[in-house]
Amino acid sequence: MSSRNAPDDDYIDVDDTYDPNQDEGKGGYAWEEEYKRSWDVLQEDSEGRLSSVVSQLQQQRKRRRLLKDTAIIQRGIIRHLFLIIDLSEAMNEKDLRPSRVELSLTYAQQFVVEFFDQNPISQLGIIVMRDGIAEKLTELSGNPSDHIKVLKSKKNTETSGEPSLQNALQLARASMLGVPSHGSKEILIMFGSLTTCDPTDIHDTIDLLKKEMVRVSVVGLAAEVQICRVMCEKTKGTYGVVLNEAHYKDLLFEVVPPPAVIPNKNTSNLVTMGFPRRLIEDTASFCVCHSKLTVGGYICPRCQSKICELPSDCDICGLTLVSSPHLARSYHHLFPVDNFDEVKNASEGTTHCFSCLVKFDKLETSGGKFSCPKCAQEFCAECDIFVHEVLHNCPGCWSVGKKITA
């Protein structure tokens, strides 16, 4: 297998698995510990399958999800986020395989896809840092294909020089000055350097971001940097330093769900939105978003202007334009599914999974058995993960609701 292939989504580093007793009675540095051969931990069952690895993966994903807060709180589902990528010479290090820059660009593309899948009515832009300056690759838009196309271009992803946090923050801040009050403003930085080359005092820029309620989060690839810690604390963002490739992806994807609304933010109770109709044309006409001749598009219900994609803001009248499926897909963030309770005695209760109807036999009990706290229906581990990460609705609760209404 080539070392340049993208890491698998279900990558596990056995040396970094969770151990509740790993911090007890141990001191010193990691290199002073006894060398561990992770391949000795893999054990095959009687049929030659690596069931322990599969079970371990499920439990790790289960633990990460259980840390999520399922309380019903106000969240800003109309988000405006700038992804800032460090393209300095420090990103050429190979402590993350195949290299920091290649892994970061791969994860950035996956992040863009996941971000718009979970936040369909939000907008995202991309900024890169190199040679002490900041360059905006894409403006705020709701089309993931444009961002992915830019990230795949080698011309835009060459590394050189030193990064400048202040220039990147100022460029992102200036680009979000026109964001409406009901939209949240966020910045996510993938930072691989230990230094930043800034023209003036970066603390002044941080104070401006705090005043304008711009939330800044940083994912560090080398070590903790004090200015990043201070910036994230002041702007109510998150800061984490990666341990390995899998941990890098976990820290990056923690920003995908919309954060809670800042308490002192002046939010709007009602937001005016337009649901444009699809236009099919025989001849090309100009769009107002790119000023290019296009065939087809969407017609703004207020000013009758033609735009190319949804969601977006009309450049003529400023109306927020979305489609009803986009609005419905953002609904699950406001009312998340409760965490399922693990059934201690798997031999009791139902014999089949309520969702996929697979029988809970001896081979399946290693994956776990989980029960919904509301409808008390029991699910297998695979369906538990699918309900919370993809479906966002409990099949048992929906079936009970339909019976009651019937």
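As the structure is a computational prediction, the values presented were derived from the model and not from experiment.

Counting its regular elements, the protein chain contains 10 helices and 17 strands. For the protein chain, the residues scored as buried account for 43% of the 406 residues in total. Taking contacts inside the protein chain between residues at least 6 apart in sequence as the whole, the part at least 24 apart equals 66%. A total accessible area of about 22,500 Å² is found for the protein chain, and carbon and sulfur atoms account for 52% of it.

What follows concerns the packing of helix 5 (residues 202-211) against helix 6 (residues 226-234). Where helix 5 contacts helix 6, the axes come no closer than 9 Å and their chain directions differ by 20 degrees. Between helix 5 and helix 6, the angle is such that the two are roughly parallel. Of the two possible hands of crossing, helix 5 and helix 6 adopt the one that is right-handed. Where helix 5 approaches helix 6, its residues Ile-202, His-203, Ile-206, Asp-207 and Lys-210 are matched on the opposing element by Ile-227, Met-231 and Lys-234.

Another aspect to go through is helix 9 (residues 381-391). Among the residues of helix 9, those classed as buried are Ala-381, Cys-383, Asp-384, Ile-385, Val-387 and His-388. Note on helix 9: the residue one or two positions beyond its end, His-392, has a positive phi of about 60 degrees.

Let's shift gears to the sheet that holds strand 2 (residues 123-130). Strand order in the open sheet made by the six strands is 3-2-1-4-5-6, with mixed pairing throughout. The open sheet terminates on both sides in strands that have one partner only, identified here as strand 3 (133-141) and strand 6 (239-241). The sheet shows a mean angle of 15 degrees between the axes of neighbouring strands, taken without regard to direction. In this sheet, strand 2 lies alongside strand 1 (residues 79-86) in parallel orientation, the contact comprising seven bridges. The residue bridging Leu-83 from the neighbouring strand is Ile-126, located in strand 2. Together, strand 1, strand 2, strand 3, strand 4 (184-191) and strand 5 (214-220) form the strand contacts of helix 4 (residues 165-175), whose direction differs from that of strand 3 by roughly 25 degrees.

Where helix 2 (residues 100-118) contacts helix 7 (residues 245-253), the axes come no closer than 11 Å and their chain directions differ by 35 degrees. Two packed elements cross with a definite hand, and for helix 2 against helix 7 that hand is right-handed. Residues Leu-103, Ser-104, Tyr-107, Ala-108, Gln-110, Phe-111 and Glu-114 of helix 2 lie in contact with helix 7, whose contacting residues are Glu-245, Ala-246, Tyr-248, Lys-249, Leu-252 and Phe-253. Looking at the contact of helix 2 with helix 7, its residues break down into eight nonpolar, two polar and three charged.

So, on to the sheet that holds strand 16 (residues 369-371). Taken in spatial order, the three strands line up as 15-16-17 in an open sheet, and their pairing is antiparallel. Two strands close off the open sheet at either side, each with one partner strand: strand 15 (341-342) and strand 17 (378-380). As judged from the three bridges shared by strand 16 and strand 17, these two strands associate in the antiparallel manner. Opposite Ser-371, over in strand 17, you have Glu-378 as the bridge partner.

Enumeration according to the criterion identifies six aromatic pairs in this entry. With a centroid separation of 5.5 Å and 85 degrees between ring planes, the pair formed by Phe-115 and Phe-116 is classed as edge-to-face. In this structure Phe-116 comes out as buried when scored by relative accessible area, which is 7%. With a centroid separation of 5.1 Å and 20 degrees between ring planes, the pair formed by Phe-340 and Phe-379 is classed as stacked.

Of all residues in the protein chain, 77% attain a pLDDT of 70 or more, and the chain-wide mean is 81. By mean pLDDT, the top-scoring element of the protein chain is helix 4 (97), and the lowest-scoring one is helix 1 (residues 51-66) (59). Low pLDDT, under 50, characterises residues 1-27; the predicted model gives this stretch 30 contacts beyond four residues in sequence or across chains.

Judged by nonpolar contacts, the single largest core of 32 residues is most densely connected at Leu-81, Leu-83, Ile-85, Phe-111, Leu-124, Leu-188 and Tyr-248. Where this core is concerned, the elements lending two or more residues are strand 1, helix 2, strand 2, helix 3 (144-152), strand 4 and helix 7. Ranked by residues supplied to this core, first place goes to helix 2 with nine residues. Ignoring anything within four residues of it in the chain, the contact list for Ile-85 reads Leu-105, Ala-108, Ile-126, Ile-127, Val-128, Met-129, Leu-151 and Met-190. Ranked by size, the runner-up nonpolar core spans 26 residues in total, among them Ile-84, Leu-165, Ile-189 and Val-216.

A few words on the pattern of salt bridges. A pair can form between side chains of opposite charge whenever their charged atoms are brought close. If you walk through the whole model with that rule in mind, you get 11 salt bridges. Of the charged contacts, one joins Arg-229 and Glu-224 as a salt bridge, the two residues approaching to 3.1 Å between their closest N and O atoms. Given the relative accessible area of 25%, Arg-229 is considered partly exposed. One salt bridge connects Lys-306 with Glu-281, and the closest N-O pair in it is separated by 3.0 Å. Here Glu-281 lies in the loop between strand 8 (277-279) and strand 9 (285-286) and Lys-306 lies in strand 12 (residues 306-307), a separation of 25 residues in the sequence. Accessibility classification places Lys-306 together with Glu-281 in one group, the buried group.

Reading guide: rules and limits
Residues numbered from 1 in each chain as written. Predicted model: local features only at pLDDT ≥ 70, side-chain atom pairs only at ≥ 80, totals over all residues. Heavy atoms only, no water. Helix = DSSP H or I, 4+ residues; strand = E, 2+ residues; numbered from the N terminus. Buried < 20%, exposed > 50% of the residue type's maximum accessible area, 1.4 Å probe, protein only. Contact = heavy atoms within 4.5 Å. Areas by Shrake-Rupley, 256 points an atom, 1.4 Å probe, with all protein chains shown as cover. Axes fitted to C-alpha atoms, helices over the stretch in contact; angles between N-to-C directions. Parallel < 35°, antiparallel > 145°, perpendicular 65-115°, else oblique. Left-handed = near helix turned anticlockwise from the far one by under 90°. Pairing = 2+ DSSP bridges. Nonpolar A, V, L, I, M, F, W, Y, C, P; charged D, E, K, R; others polar. Phe/Tyr/Trp six-rings, centres within 6.5 Å; stacked < 30°, edge-to-face > 60°. pLDDT = per-residue confidence, 0-100. Core = buried A, V, L, I, M, F, W, Y, C linked by side-chain atoms within 4.5 Å. Salt bridge = Lys/Arg side-chain N within 4 Å of Asp/Glu carboxyl O.

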